[in-house]
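Here's the letter readout for the chains.
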Amino acid sequence: MIYWIWLMQIPFIGPVTARYLIEELKDPKSIYQADAEYLAKMSGLNERQRKSILQNHSLENPKKIFEDCQNNNISVLCWNDRRYPARAKKPDDAPVVLYYKGYFKNMDQTVGIVGARRCSQESKQKTVSLASEYAQKQIAVVSGMAKGIDSYAHTACLNAGGYTIAILGNGLDICYPSEHHKLMRCIEEKGLLISEYPPGTPPDKYRFPRRNRLISSWSDKLFVIEAGRGSGALITAEYGKKYGHEVEILEK
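Notes on the structure follow. (Residues numbered from 1 in each chain as written. Predicted model: local features only at pLDDT ≥ 70, side-chain atom pairs only at ≥ 80, totals over all residues. Heavy atoms only, no water.)

Turning our attention to the side chain of S151. Note that S151 resides in helix 9 (residues 149-159). Judged by its relative accessible area of 9%, S151 falls in the buried class. Among the polar contacts listed, one links the side chain of S151 to the backbone oxygen of G148, at a separation of 2.9 Å. With near-sequence residues (within four places) excluded, S151 lies in contact with A146, H180 and L183. (Helix = DSSP H or I, 4+ residues; strand = E, 2+ residues; numbered from the N terminus. Buried < 20%, exposed > 50% of the residue type's maximum accessible area, 1.4 Å probe, protein only. Polar contact = N/O pair within 3.5 Å; in protein donor to acceptor, adjacent residues only side chain to side chain. Contact = heavy atoms within 4.5 Å.)

Spelled out as structure tokens, the structure:
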């Protein structure tokens, strides 16, 4: 597990390159043990990436991250884990390491529901109706635990006895927004919390577009409700279209 975390902490090694390395060398420990001569033969690496792999060999930080995970009841999902959904693995930039709280359940079908943080009563009712309907059909509801539409979708799904997945743009030891502590605990108990960021990672704005792409990749179908121009929900919709998933945009 330490080597998986190490791989994703190497500068200039993103998800695409990490997947290439795993395909070539099978596991992160083999990547760690590869020497300069071997890495030089790998056509999928540039010189900066080769140097970064060789120069960043300390396991101190990965060990600390793993310890922080254990202290915060956070588990690590690796690329080779059978629970990693096939749909979520399809995009080229799918992360090879994810952090999670909660439990995995049947995800034969999933639906994403995202939208405005400030929405009309009509949009709220539409969200509750959709999330409840899919929950009753045993279809997992995916969202981002943001204010507004996201939180209504998670809550309605849970109230209907369904299974919901919240994908966050920060470490799972941090509740963002802060008023969602109760919701976060409920999702941990009855669903799944996911992040590609290790514990201690703050919810900075530039991380949310990456979170949005995961919501899209984990959703077979995506509903975008009352999303404003340039909003994160519309970014999620664009990713959904890019991944070839069905996207339905519902105006207020």
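With that settled, the discussion passes to the sheet that holds strand 6 (residues 192-195). The sheet built from eight strands is open, its strands ordered 1-2-6-5-4-3-7-8 with mixed pairing. Each edge of the open sheet carries a strand with a single partner, namely strand 1 (75-78) and strand 8 (246-250). With direction set aside, neighbouring strand axes in the sheet form an average angle of 25 degrees. Where strand 4 (residues 140-143) and strand 5 (residues 164-167) come together, three bridges link them in parallel fashion. When the bridges of strand 5 are listed, V141 appears paired with T164. Against the sheet, helix 8 (residues 121-136) makes contact with strand 3 (110-115), strand 4, strand 7 (221-225) and strand 8, and its axis sits at roughly 160 degrees relative to strand 7, the strand it touches most. (Pairing = 2+ DSSP bridges. Axes fitted to C-alpha atoms, helices over the stretch in contact; angles between N-to-C directions.)

Attention now goes to unusual backbone geometry. Look at the link from Y176 to P177: it is a cis peptide, with omega at -5 degrees. With respect to the secondary-structure elements, P177 resides in the loop between strand 5 and helix 10 (181-190). Unusually for a residue other than glycine, N73 sits at a positive phi of about 60 degrees. With respect to the helices, strands and loops of the structure, N73 is situated in the loop between helix 6 (60-71) and strand 1. Positive phi, close to 65 degrees, is recorded for Q138, a residue that is not glycine. With respect to the helices and strands, the residue Q138 is situated in the loop between helix 8 and strand 4.

Our next topic: the nonpolar core. Among the nonpolar cores identified, the biggest contains 63 residues, and L7, I165 and W218 are the most heavily contacted of them. With residues near it in sequence (within four places) discarded, W218 still touches P85, R87, A88, L98, F104, M107, T110, V142, I165, I167, L192 and I194. Judged by nonpolar contacts, the second largest core, of 15 residues, contains V111, I149, A153 and A156. (Core = buried A, V, L, I, M, F, W, Y, C linked by side-chain atoms within 4.5 Å.)

A few words now on the environment of K89. Its location among the elements puts K89 in helix 7 (residues 86-89). For K89, a relative accessible area of 22% translates into the label partly exposed. When near neighbours in sequence (up to four residues on either side) are disregarded, K89 contacts R19, W79, D81, Y84 and A94. For K89, the side chain forms a polar contact with the main-chain oxygen of W79, separated by 2.6 Å.

What follows is about the packing of aromatic side chains. Counting across every chain of the model gives eight aromatic pairs. Judged by centre distance (5.0 Å) and plane angle (80 degrees), the rings of Y100 and F104 are edge-to-face. This pair shows no difference in class: Y100 is buried, exactly as F104 is. When the centroid spacing of 5.8 Å and the interplanar angle of 45 degrees are considered together, the rings of Y176 and F208 count as tilted. Of this pair, Y176 sits in the loop between strand 5 and helix 10 while F208 sits in helix 11 (residues 208-217), and the two are 32 residues apart along the sequence. Grouping aromatic residues by their ring pairs yields a cluster made of Y3, W6 and Y32. Over the face of the ring belonging to Y197 we find R207, whose NZ or CZ atom lies 5.5 Å from the ring centre. (Phe/Tyr/Trp six-rings, centres within 6.5 Å; stacked < 30°, edge-to-face > 60°. Lys NZ or Arg CZ within 6 Å of the ring centre and 35° of its normal.)

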